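# Descriptive analysis of the structure
Each chain, written out:
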Amino acid sequence: MADVELRQLRYFLAVAEELNFGRAAERLLIAGPSLSQQIKALERDLGVRLFDRDRRSVSLTPAGAALLPHTRALVERADDLRRRAGRLAGSEPVRLGYVNWLPSDLSTRGAAVAQVHVDAWVAPSHTQAARVAAGSLDVAVCWIAAGELGRLGLQARLIGADRLYAVSPGGDDSDVRTRDATVLIDADATSWASWNAFAQQLSDGTGARAVRTTDGGVTGAAFFDHVRRCRRPVVNSPKGQTTVVPPDLVRRPLVAPKVYWTWSLVWRGDEERASVLAVVDALTGHVGDLGIHDPDAWLPGDDPYRR
């Protein structure tokens, strides 16, 4: 099988469709004896006879008939690969921005349809959404409110979701009711605009206590210092979702309700480039629900995916 060539498979298809070596050779623009030799070589490599032939007729053998649909599928896949490669070679990169999270399979999915260039400037959600609207990015992974989509002229699809948790001192890792937790709101309204809007709605909607900070304590070491000083569990932010919790603190699930932060893939509403739209489909086509519509899930009132 290692010696079988795609060219020979195309020859097999031509003869199978014409059932005449002469017509197949004309169609393939090769000499008849050469075509006959290539078919014999293919039969030898496969170890089966593909055609019964005499001076009057050509017919598929049972083995040839059985292999025909599989051969056609292989050739079609090869043709599709060639078309995709041609589009990639001739297309401009699709520029993608993000905040702090990207799907683990982004490279695999994106590379199948376009050249995806991940922008090196990591910026807050509202900044990345504005860059897409202004045209300096083609797509971005960010958190966005439904009202912002309309204001910026963007479209969005769900690409990911983080279930947030609480952090507290000690070793008690039992569930925490969301209303019994604290959520931090940062004084830096520029850097933390999206989180602050989310956190305020979380406080208003669930009864979690909102505490304002001036030290960048929403994430990092300052966040853990707040947890140590606070008498209530503190809600983590998506930027701290994968941060290792110090040994004197513990993660605790938020319940009643479960709190979700959604990640959107956003693009311009008037986007017409096939490469950009193909990337959108490739990255969001199999995302699913991710738990955000469970009966005990909570999303902000202006989340695009809230039902």
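Above this text sits the structure in question.
Conventions we followed
- Residues numbered from 1 in each chain as written.
- Predicted model: local features only at pLDDT ≥ 70, side-chain atom pairs only at ≥ 80, totals over all residues.
- Heavy atoms only, no water.
- Salt bridge = Lys/Arg side-chain N within 4 Å of Asp/Glu carboxyl O.
- Helix = DSSP H or I, 4+ residues; strand = E, 2+ residues; numbered from the N terminus.
- Buried < 20%, exposed > 50% of the residue type's maximum accessible area, 1.4 Å probe, protein only.
- Core = buried A, V, L, I, M, F, W, Y, C linked by side-chain atoms within 4.5 Å.
- Contact = heavy atoms within 4.5 Å.
- Pairing = 2+ DSSP bridges.
- Right-handed = clockwise from strand over helix to strand, strands pointing away.

Attention now goes to the pattern of salt bridges. Counting across every chain of the model gives 22 salt bridges. When the shortest N-O distance is used, the salt bridge between Glu 17 and Arg 72 registers 3.4 Å. Of this pair, Glu 17 sits in helix α1 (residues 6–18) while Arg 72 is found in helix α4 (residues 62–90), placing the two residues 55 residues apart along the sequence. Judged by relative accessible area, which is 40%, Glu 17 ranks as partly exposed. A residue is classified by how much of its surface remains accessible, and Arg 72, at 29% relative accessible area, is partly exposed.

A word on the nonpolar core. Grouped together as the largest cluster of nonpolar side chains are 54 residues, with contacts concentrated most on Val 139, Leu 154, Trp 195, Phe 198, Val 235, Leu 265 and Val 266. With six residues, strand β13 (residues 258–268) is the largest single contributor of residues to this core. Once residues lying within four places of it in the same chain are set aside, the contact partners of Phe 198 are Trp 143, Leu 164, Val 259, Tyr 260, Trp 261, Trp 298 and Pro 300. Tyr 11, Leu 13, Ala 24 and Val 75 belong to the second largest nonpolar core, which has 18 residues in total.

Pairing of strand β3 (residues 94–98) with strand β4 (residues 116–118), which is carried by three bridges, proceeds in the parallel orientation. When the sheet's bridge partners are listed, Arg 95 is paired in β4 with His 117. In this fold, the crossover linking β3 to β4 by way of helix α5 (residues 106–111) has right-handed handedness. Pairing geometry for β3 and strand β5 (residues 139–142), over three bridges, is parallel. Following the sheet pairing, Leu 96 is matched in β5 by Val 139.

Here the focus is the side chain of Thr 71. Of note, Thr 71 is situated in helix α4. With sequence-adjacent residues up to four places away left out, Thr 71 is seen in contact with Leu 9, Phe 12 and Leu 13.

Let's shift gears to unusual backbone geometry. Cis geometry marks the peptide bond from Ala 256 to Pro 257, where omega comes out at 10°. Structurally, Pro 257 is set in the loop between β12 (249–255) and β13. Backbone geometry places Leu 19, a non-glycine residue, at a positive phi of 50°. Mapped onto the secondary structure, Leu 19 falls in the loop between α1 and α2 (21–28). On the accessibility criterion, Leu 19 (38% relative accessible area) is partly exposed. For Ala 256, which is not glycine, the phi torsion reads 50° and is therefore positive. Within the secondary structure, Ala 256 is located in the loop between β12 and β13.

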